[in-house]
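Report on the structure
Each chain is listed here by its residues.
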Amino acid sequence: DVKVTQSSRYLVKRTGEKVFLECVQDMDHENMFWYRQDPGLGLRLIYFSYDVKMKEKGDIPEGYSVSREKKERFSLILESASTNQTSMYLCASSFTGLYGYTFGSGTRLTVV
Amino acid sequence: GESVGLHLPTLSVQEGDNSIINCAYSNSASDYFIWYKQESGKGPQFIIDIRSNMDKRQGQRVTVLLNKTVKHLSLQIAATQPGDSAVYFCAENPAGQNFVFGPGTRLSVLP
């Protein structure tokens, strides 16, 4: 069964901490994405990557960065966590732009 | 589990009835569409897709209808079951670009 695996289901971090959210896919997909999901706002794209070492800003990149050193792994970094970054974070991958996304189970991040 | 969306439109149906969930998409250049199901505390799961050269596609208990004239997509679930309770949202793909996701509809199945 193909998978997108997010390393943590739940995280609690303190304001100002540097936070790493990890995502690994085993489908040899080129494209990987990070979204956040908030009540009433739906899925909002933070960053995406179409290839190793490539990254593009999505709709809400402020306060975030990403790293893609290997094809299967896409990391989301919160440089200095703030309470307004409390959210559900979803990682997704796809083979190309012509195919749908496979999502991970999500990481519920709470910043206190 | 977590709330996926506190302010979502909600559709309540009796167990065994058919459900119809609607989605208006925005980009007339979109040529590929997907319906996702998201259960509480989980990531979205692919249900069914359709490309713009079709107007109907059927899966197991699900049918997707596409009306390009009015930019409308619908998901029909036959004989709705308690396990169908979830948030459903559509996604449109404008010619190979990133998908754009709709806000979602919460389906509640009544016993």
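Regarding its fold elements, chain B presents zero helices and 10 strands. From first element to last, N terminus to C terminus, chain B shows the α and β order β-β-β-β-β-β-β-β-β-β. The C-alpha radius of gyration of chain B comes to 14 Å, within 12% of the 13 Å expected for a compact globule of 111 residues. Surface exposure of chain B reaches about 5500 Å², of which carbon and sulfur atoms provide 48%. One way to put it: in chain B the 9 positive side-chain charges average out to a point 4 Å from where the 9 negative ones average out.

Attention shifts here to the side chain of B:Asn98. Assignment of secondary structure puts B:Asn98 in the loop between strand 8 (86-94) and strand 9 (100-101). Among the polar contacts made by the side chain of B:Asn98, one reaches the side chain of A:Tyr50 at a distance of 2.7 Å. Aside from chain neighbours lying at most four places away, what touches B:Asn98 is A:Phe33, A:Leu45, A:Phe48, A:Tyr50, A:Tyr101, B:Glu92 and B:Asn93.

The next thing to look at is the sheet that holds strand 6 (residues 62-67) of chain B. Residue and element names in this part refer to chain B. If you walk across this open sheet you meet the four strands as 2-7-6-5, and the pairing is antiparallel. Of all the strands in the sheet, the pair left with one neighbour each is strand 2 (19-24) and strand 5 (56-58). Recorded for the sheet is a direction-independent mean angle of 15° between the axes of neighbouring strands.

Here we take up the state of the cysteines. This structure, assessed with the given rule, holds two disulfides over all chains. Disulfide partner of A:Cys23: A:Cys91, at an S-S distance of 1.9 Å. Between A:Cys23 and A:Cys91 the disulfide shows an S-S torsion of about -75°. By sign, it is left-handed. Of this pair, A:Cys23 sits in strand 4 (residues 23-25) while A:Cys91 sits in strand 10 (residues 87-94), placing them 68 residues apart in sequence. Relative accessible area serves as the criterion here: at 0%, A:Cys23 is assigned to the buried category. Paired through a disulfide, B:Cys23 and B:Cys90 show a sulfur-sulfur distance of 1.6 Å. Residue B:Cys23 is found in strand 2, and its partner B:Cys90 is found in strand 8; the two are separated by 67 residues along the sequence. Among the residues examined, B:Cys23 registers a relative accessible area of 8% and is labelled buried. According to the relative accessible area criterion, B:Cys90 is buried, its value standing at 6%.

All names here are of chain A. Across all of its chains, the model carries 10 salt bridges over all chains by this definition. One salt bridge connects Arg44 with Asp38, and the closest N-O pair in it is separated by 2.8 Å. Assessed through its relative accessible area of 24%, Arg44 is described here as partly exposed.

For the rest of this paragraph, the subject is the side chain of B:Thr105. Residue and element names in this part refer to chain B. Among the secondary structure elements, Thr105 is positioned in strand 10 (residues 105-110). On the basis of relative accessibility, which here comes to 13%, the residue Thr105 falls in the buried class. When sequence neighbours within four positions are dropped, the list of residues in contact with Thr105 reads Pro9, Leu11, Ile21, Asn22, Ala86, Val87 and Tyr88.

This part is about the environment of B:Val64. All names here are of chain B. Here Val64 shows up in strand 6. C-alpha of Val64 to C-alpha of Pro94: the two residues are 30 residues apart in sequence and 18 Å apart in space. Ignoring anything within four residues of it in the chain, the contact list for Val64 reads Trp35, Ile48, Asp49, Ile50, Asp55, Lys56, Arg57, Leu73 and Ser74.

Thresholds, definitions, all that
Residues numbered from 1 in each chain as written. Chains lettered and ligands numbered in written order. Predicted model: local features only at pLDDT ≥ 70, side-chain atom pairs only at ≥ 80, totals over all residues. Heavy atoms only, no water. Helix = DSSP H or I, 4+ residues; strand = E, 2+ residues; numbered from the N terminus. Rg over C-alpha atoms; globule rule 2.2 N^0.38 Å. Areas by Shrake-Rupley, 256 points an atom, 1.4 Å probe, with all protein chains shown as cover. Lys, Arg positive; Asp, Glu negative; His and termini not counted. Charge placed at Lys NZ, Arg CZ, Asp CG, Glu CD. Polar contact = N/O pair within 3.5 Å; in protein donor to acceptor, adjacent residues only side chain to side chain. Contact = heavy atoms within 4.5 Å. Pairing = 2+ DSSP bridges. Axes fitted to C-alpha atoms, helices over the stretch in contact; angles between N-to-C directions. Disulfide = S-S within 2.5 Å. Buried < 20%, exposed > 50% of the residue type's maximum accessible area, 1.4 Å probe, protein only. Salt bridge = Lys/Arg side-chain N within 4 Å of Asp/Glu carboxyl O.

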